[in-house]
Amino acid sequence: MKVVILCGGKGTRMNEITNELPKPLAMIGDKPILWHIMKIYQNYGFNEFVLLLGYKGDKIKEYFMDYEWKNNSFTMDSSTGGIKILGTTEKWKITFVDTGLNTMTGGRIKKAEGYIGDESFLLTYGDGLSDVNLHELLQFHKSKGTIATVTGIKKKSQFGTLTVNQGIAESFEEKTQTDGIINGGYFVLNPEVFNYLKDDDQCIFEEDPLKKLTQDRQLSVYLHDGFWTAIDTYKNVVDINEMWEQGNIAWNPKLK
């Protein structure tokens, strides 16, 4: 199955980084967020990626064009220009799709239709990390028989919560109250999903398409109780790097 990753947003909430780089290239340790996401999928045997590019997409192309020689020792024959990588190379097949600078998420996915074909595929955002079990997610999707499955994350309140009756506290729970279930990315989508997407740069996947799928009872929700985080602000980048430095690689323990 192909893995489609949305990489085109401008990341305006983390200008400290995105003035120079697209958000998926923000660094965690010595590798970008995008690399970490791809490694999550690689752990489950998924090695074919379709990157939907937009803002500073050339930087993402350059990163992968230069990846092997920058991350390995190599031998170069200056007479021929040939290079032989001496380390372990990634077994990734990557398709880079320019989807437009200002295209919304649904429009970007629609532009990938010709590269995906008639097969089901995986989709996620270029800024979310999780230890979701992708094999279990796929099995769940197949068991439900719907066009789409989204990974649902139980959002917790950031404050302690009180249950009050006539001015008297009946219970107090410290940061355990569930506010609701949010879209955590990590989708499984059947090709019929393209019928819900308009060939329009302003089509937002999370609005009309997902709402219509819900109305048609074609959206399943796989609840994930493990690690998940979206890296949406500069503080998020600082926090996830602190985890990395402490050896707390909750999204991918295999990297320890």
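Quick caveat, the model's predicted, so the values are computed rather than measured. (Residues numbered from 1 in each chain as written. Predicted model: local features only at pLDDT ≥ 70, side-chain atom pairs only at ≥ 80, totals over all residues. Heavy atoms only, no water.)

## Remarks on the overall build of the protein
Consideration 1: Across its full length, the protein holds nine helices and 16 strands.
Consideration 2: Summarising its shape, the C-alpha atoms of the protein cover approximately 85 × 45 × 35 Å along the three principal directions.
Consideration 3: Taking all 256 residues of the protein together, 44% fall into the buried category.
Consideration 4: In the protein, 74% of the contacts between residues at least 6 apart in sequence involve partners at least 24 apart.
Consideration 5: As displayed, the protein has an accessible area near 13,700 Å², and 48% of this comes from carbon and sulfur atoms.
Consideration 6: Looking at the protein, you have 29 positive and 34 negative side-chain charges, and the mean spots of the two groups are 2 Å apart. (Helix = DSSP H or I, 4+ residues; strand = E, 2+ residues; numbered from the N terminus. Buried < 20%, exposed > 50% of the residue type's maximum accessible area, 1.4 Å probe, protein only. Contact = heavy atoms within 4.5 Å. Areas by Shrake-Rupley, 256 points an atom, 1.4 Å probe, with all protein chains shown as cover. Lys, Arg positive; Asp, Glu negative; His and termini not counted. Charge placed at Lys NZ, Arg CZ, Asp CG, Glu CD.)

## Remarks on the nonpolar core
Note on soluble globular proteins: their nonpolar side chains tend to be buried together.
Consideration 1: One finds Ile 5, Tyr 41, Leu 51, Leu 129 and Trp 251 to be the most contacted residues of the largest nonpolar core, which totals 41 residues.
Consideration 2: Per-element accounting of this core gives the leading share, seven residues, to helix α2 (residues 33-42).
Consideration 3: In contact with Leu 51, not counting residues within four places along its chain, are Ile 5, Cys 7, Leu 34, Ile 60, Phe 64, Ile 94, Thr 95, Phe 96 and Val 97. (Core = buried A, V, L, I, M, F, W, Y, C linked by side-chain atoms within 4.5 Å.)

## Quick look at the confidence of the model for the protein
Consideration 1: In this model, the protein carries an average pLDDT of 89, and 90% of its residues clear a pLDDT of 70 or more.
Consideration 2: Summarising per-element confidence for the protein, the mean pLDDT is lowest in strand β12 (residues 168-173) (52) and highest in strand β4 (residues 48-53) (98). (pLDDT = per-residue confidence, 0-100.)

## Let's talk about the pattern of salt bridges
Consideration 1: Taken as a whole, this structure holds 13 salt bridges when the rule is applied.
Consideration 2: Between Glu 48 and Lys 2 there is a salt bridge; the shortest N-O distance is 3.9 Å. In this pair, Glu 48 is assigned in strand β4 and Lys 2 in strand β1 (residues 2-7), connecting sequence segments 46 residues apart.
Consideration 3: Overall, the relative accessible area of 27% leaves Glu 48 in the partly exposed class. (Salt bridge = Lys/Arg side-chain N within 4 Å of Asp/Glu carboxyl O.)

## Describing the pairing of strand β8 (residues 121-125)
Consideration 1: Burial within β8 is extensive, with five of its five residues counted as buried.
Consideration 2: Along β8, one buried face is formed by Phe 121, Leu 123 and Tyr 125 and the opposite face, lined by Leu 122 and Thr 124, is buried too.
Consideration 3: Taken together, the three bridges between β8 and strand β14 (residues 187-189) define a ladder with antiparallel strand orientation. Bridge pairing links Leu 122 to Val 188 in β14. (Pairing = 2+ DSSP bridges.)

## Focus on the state of the cysteines
Consideration 1: Counted by the stated rule, this structure contains zero disulfides.
Consideration 2: Take Cys 7: it sits in no disulfide, and the sulfur closest to it among the cysteines is that of Cys 203, at 18 Å. (Disulfide = S-S within 2.5 Å.)

## Concerning helix α7 (residues 134-144)
Consideration 1: Within the span of α7, buried status applies to Leu 134, Leu 137, Leu 138 and His 141. Each buried residue of α7 lies within a common arc of 100 degrees when the element is viewed along its axis, so the set occupies one face. Set apart from the buried face of α7 by more than 90 degrees, the exposed residues are Gln 139 and Ser 143.
Consideration 2: The residue sitting at the N-terminus of α7 and contributing the capping side-chain oxygen is Asn 133; that oxygen lies 3.1 Å from the backbone nitrogen of His 135.
Consideration 3: Immediately downstream of α7, the backbone of Gly 145 shows phi near 70 degrees, a positive value. (Arc of directions from axis to C-beta. Polar contact = N/O pair within 3.5 Å; in protein donor to acceptor, adjacent residues only side chain to side chain.)

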